[in-house]
Amino acid sequence: VPLFKGLDIEKKHIISSALQRVDYSKGEVLIRQGEIGHEFFIIEEGTVECVEDTDGVHTVLCPELKPGAFFGELALLRNAPRSA
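Everything quoted here is computed from the prediction, not taken from an experiment.

Draft legend 1. Looking closely at the overall build of the protein chain. When you go through the protein chain residue by residue, the secondary structure sums to two helices and four strands. Starting at the N terminus and walking to the C terminus, you meet the elements of the protein chain as α-β-β-β-β-α. Along the first, second and third principal axes, the C-alpha atoms of the protein chain reach 45 × 25 × 20 Å. Within the protein chain, the fraction of its 84 residues that count as buried is 14%. The long-range fraction of contacts in the protein chain, counting pairs at least 24 apart against all pairs at least 6 apart in sequence, stands at 54%.

Now the structure itself:
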């Protein structure tokens, strides 16, 4: 993950030991805009779509995220609600 590129091996080990694998079902909502963020996601397999749902209309906000992509870090780094 590029976010961790500058860390030394010891810090990377600390982070990797804290990771937990979680499986999600197709179509399951992982985060919602405005929620408090408590987790950071790294896609190991599968894909994630970032959409906005307004009155039942789905608008795609970003390209499909694939293995190796990550999201959810901004809420943690900024200690702010989810932006998307």
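Draft legend 2. Just the packing of aromatic side chains, in detail. Scanning the entire structure with this criterion turns up four aromatic pairs. Considering the side-chain rings of phenylalanine 41 and phenylalanine 71, the 4.8 Å spacing of their centres and the 10 degrees angle between planes classify their relative orientation as stacked. Taken together, the residues span a long stretch of sequence, with phenylalanine 41 in strand 1 (residues 41-42) and phenylalanine 71 in strand 4 (residues 70-71) at a distance of 30 residues. Looking at phenylalanine 71, the relative accessible area reads 13%, which means it is buried.

Draft legend 3. Local environment of the nonpolar core. In this structure, Phe41, Ile43, Val48, Ala69 and Phe71 together form the largest nonpolar core, which totals five residues. The residues touching isoleucine 43, leaving out its near neighbours within four places in the chain, are Val48, Leu65, Lys66, Pro67, Gly68, Ala69 and Phe71.

Draft legend 4. Structural view of the pairing of strand 2 (residues 51-54). Strand direction decides the pairing type here: strand 2 and strand 3 (residues 57-60), joined by four bridges, are antiparallel. Bridging from a neighbouring strand, glutamate 52 pairs with threonine 59 of strand 3.

Draft legend 5. Structural context of unusual backbone geometry. One non-glycine residue, aspartate 55, adopts positive backbone phi at about 50 degrees. If you check the backbone angles, asparagine 79 has positive phi at about 50 degrees while not being a glycine. Within the fold, asparagine 79 resides in the segment after helix 2 (73-78). Accessibility expressed as a relative area gives 72% for asparagine 79, which makes it exposed.

Basis of the calculations
Residues numbered from 1 in each chain as written. Predicted model: local features only at pLDDT ≥ 70, side-chain atom pairs only at ≥ 80, totals over all residues. Heavy atoms only, no water. Helix = DSSP H or I, 4+ residues; strand = E, 2+ residues; numbered from the N terminus. Buried < 20%, exposed > 50% of the residue type's maximum accessible area, 1.4 Å probe, protein only. Contact = heavy atoms within 4.5 Å. Phe/Tyr/Trp six-rings, centres within 6.5 Å; stacked < 30°, edge-to-face > 60°. Core = buried A, V, L, I, M, F, W, Y, C linked by side-chain atoms within 4.5 Å. Pairing = 2+ DSSP bridges.

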